[in-house]
Amino acid sequence: MEQIKNPVLPGFNADPSIIRVDDTYYIANSTFEWFPGVRLHESKDMVHWKLLPSALSTTTLLDMKGNPSSGGIWAPDLSYADGKFWLVYTDVKVTEGPFKDMVNYITTAEDIHGPWSDPIRVNGVGFDASLFHDDDGRKYLVQQTWDHREYHHAFDGITLTEFDTDTMQLKPETARNIYNGTEVKLVEGPHLYKINGYYYLFEAEGGTGPGHRITVSRSRELKGIYEPCPYNPIMRQNNPDEIIQRCGHGKPVQTQNGQWYMVYLCGRKIGDGYSILGRETALDPITWTADGWPIVNNLNGPSALQVKPELPETIWESESDDDFNGIDLSKEWWFSRVPEPDGINLADSHVYVKGSLYDLDSMKARNILLRRQKHFKFSAICKMNMPELYPGQNCGMTCYYDENTYIKFGIFATLEEQPRLMLNIVEKIGKEVITHEGIQVDNSNPYIYLKCDTNYLRRTFSYSYDEKDYRKAAVLDNVYYLCDEGYKKGKRFTGAMIGMYAFAGTYGSEYTDADGRHGTDEYYAMFDYFKYIE
């Protein structure tokens, strides 16, 4: 029988929420501080997935100014009812400490491609909210509830609240805690289904590390007592030596053929236990026991190889490369928090990246153009017009996790009386900054090609002036700090990314030439293409 490889959505694709509409499957994933928010994919076979336009593509729908790294969009939920798509999402403004500053919103669209309606604020008492559509037409918000009180467990169970479709608001008087989880605690990620007369509540427990798991409970009554499944956890990785780890936060879907599957997040560990690709989306079959309980993959944990679902194969065209010839960027690209209105521009078959006032080590950095790393082995190449920089400015390629850990591979204008353009590699690992020996650039060339070859945690950086003769600039043997586990500060829920940046600072306006004239802080780095080669 034909097999598939897990994960089916590799690279930073956490917290999957899956639905089927007729013969088409859709998944929504968390995007955290990256804009536009909520990644959407569609598939006909649940194996090959096509990236769709993100749902939250305007600042009306999502304004993340000031959001911390790994804040922003947590665990969106996608559903379909009444002829339209419903999207519930949480915007997390504070991630650390006893208080979680978060707001839950709902937006709808008749077409998965949008437009999506202006957001409706529903509450701010927890995260991982989902919308349950009961068969009597009534709707309920199901969510993890956060309790900030001293001597109380912060994860205060799963709350069910009726949602009034006439007012498009919750009925707070109907709120009820329906489940506190098992003794493992940290119950979150709830999804409610009605199947064969039972209400089944699927949950994530154990935190998002090695103890992560999927559990399920059920009740005959919507607001009744939910009985934990005797086979819990129905999905967990129990073998620490396997590459696929920390499996949880799942959501089931039934195919048009009557088969059931679970999509769930996982992380693939390499080296000394690093998951450089972040949390990814995997797929395994659900079977039902004689006593009516769903179990995933026969309780054998996650599968690296799995029998392909009995669905017609549909393969989509890849968007791995971008030559910037179109009117829109490839849907693969992301921006940090809120890009400047004029920060990224397409013109003349180039993308123009405006130099940010703040450097990459600041949460205020803008105009970083990034895409997910989806493979352990790949090459990335960007063609950049030879820049004209004031001393202190720099631009080029970046391998990026967040403002705490990243690599710059770019052209730097030196702070010297006679400035030079240098090709430098700079590693940022928390408070440590490592600047490797630079190479003076021959700026008589119109272009420079920057190349990064990745082999697991090893990165080899090369450059060329003609796209043929590449010269090695440096090799970094262990970029562990680009992994979720690579640095201990704040939350690290995303994954390694790669792309382009430009930094201006105030160096231009501070510069004075021999005639006393000042420079400018406004410049654009010009890129002709970006290739991602598996």
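In the block above lies the structure referred to throughout.
How each quantity is defined
Residues numbered from 1 in each chain as written. Predicted model: local features only at pLDDT ≥ 70, side-chain atom pairs only at ≥ 80, totals over all residues. Heavy atoms only, no water. Helix = DSSP H or I, 4+ residues; strand = E, 2+ residues; numbered from the N terminus. Rg over C-alpha atoms; globule rule 2.2 N^0.38 Å. Buried < 20%, exposed > 50% of the residue type's maximum accessible area, 1.4 Å probe, protein only. Contact = heavy atoms within 4.5 Å. Lys, Arg positive; Asp, Glu negative; His and termini not counted. Charge placed at Lys NZ, Arg CZ, Asp CG, Glu CD. Core = buried A, V, L, I, M, F, W, Y, C linked by side-chain atoms within 4.5 Å. Pairing = 2+ DSSP bridges. Axes fitted to C-alpha atoms, helices over the stretch in contact; angles between N-to-C directions. Polar contact = N/O pair within 3.5 Å; in protein donor to acceptor, adjacent residues only side chain to side chain. Salt bridge = Lys/Arg side-chain N within 4 Å of Asp/Glu carboxyl O.

Enquirer: Explain the overall build of the protein to me, and be specific about the residues and the numbers.
Expert: When helices and strands are counted, the protein shows 1 helix and 39 strands. Here the protein has a C-alpha radius of gyration of 24 Å; the compact-globule value for 534 residues is 24 Å, and the two agree. Expressed as lengths along the three principal axes of its C-alpha atoms, the size of the protein is roughly 80 × 50 × 45 Å. By residue count, 60% of the 534 residues in the protein fall in the buried class. Partitioning the contacts of the protein with sequence separation of at least 6, the portion at a separation of at least 24 is 58%. When the 54 basic and 76 acidic side-chain charges of the protein are each reduced to a single mean position, those positions are 3 Å apart.

Enquirer: Tell me what's going on with the nonpolar core, and back it up with residues and numbers.
Expert: Of all hydrophobic cores here, the largest spans 77 residues; its most connected members are Leu78, Trp116 and Ile276. The residues touching Leu78, leaving out its near neighbours within four places in the chain, are Ser17, Ile19, Tyr26, Ala28, Leu40, Phe85, Trp86, Leu87, Ile112, Trp116 and Lys251.

Enquirer: Hey, could you go over the sheet that holds strand S2 (residues 17-21) for me, with residue numbers and the actual values?
Expert: Taken in spatial order, the 4 strands make up an open sheet running S2-S3-S5-S6, and their pairing is antiparallel. Only two strands of the sheet have a single partner each, and these edge strands are S2 and strand S6 (50-52). On average, adjacent strands in this sheet sit at an angle of 25 degrees to one another, irrespective of strand direction. The pairing of strand S5 (residues 39-43) with S6 spans 3 bridges and is antiparallel. Note that in S6 the partner of Leu40 across the bridge is Leu52.

Enquirer: Break down the side chain of Ser336 for me, citing the residues and quoting the values.
Expert: With respect to the helices and strands, Ser336 occurs in strand S25 (residues 335-336). For Ser336, a relative accessible area of 2% puts it in the buried group. Engagement of the side chain of Ser336 in a polar contact is seen with the side chain of Arg337, the distance being 3.1 Å. Once you skip the residues sitting within four places of it in the chain, Ser336 turns out to touch Glu33, Trp34, Ala365, Arg366 and Ile368.

Enquirer: Which residues make up the side chain of Thr215, and what values do they have?
Expert: With respect to the helices, strands and loops of the structure, Thr215 is situated in strand S18 (residues 213-219). Since its relative accessible area comes to 2%, Thr215 is described here as buried. Within the structure, the side chain of Thr215 is placed 2.5 Å from the side chain of Glu203, a separation counted as a polar contact.

Enquirer: Quick one: what's the story with the pattern of salt bridges, residue by residue and with numbers?
Expert: Taken as a whole and assessed by the stated rule, the structure comprises 30 salt bridges. Taking the shortest distance from any N to any O, the salt bridge between Lys269 and Glu485 comes out at 3.9 Å. Of this pair, Lys269 sits in the loop between strand S21 (260-268) and strand S22 (279-288) while Glu485 sits in the loop between strand S37 (471-476) and strand S38 (497-503), and the two are 216 residues apart along the sequence. By relative accessible area, Lys269 is classed as partly exposed at 24%. Taking the relative accessible area as the measure of exposure, Glu485 reaches 22% and is therefore partly exposed. Put simply, Arg39, Glu332, Arg372 and Lys374 are held in one network by salt bridges that share partners.

Scope: geometric values only; no functional claims are made or implied.
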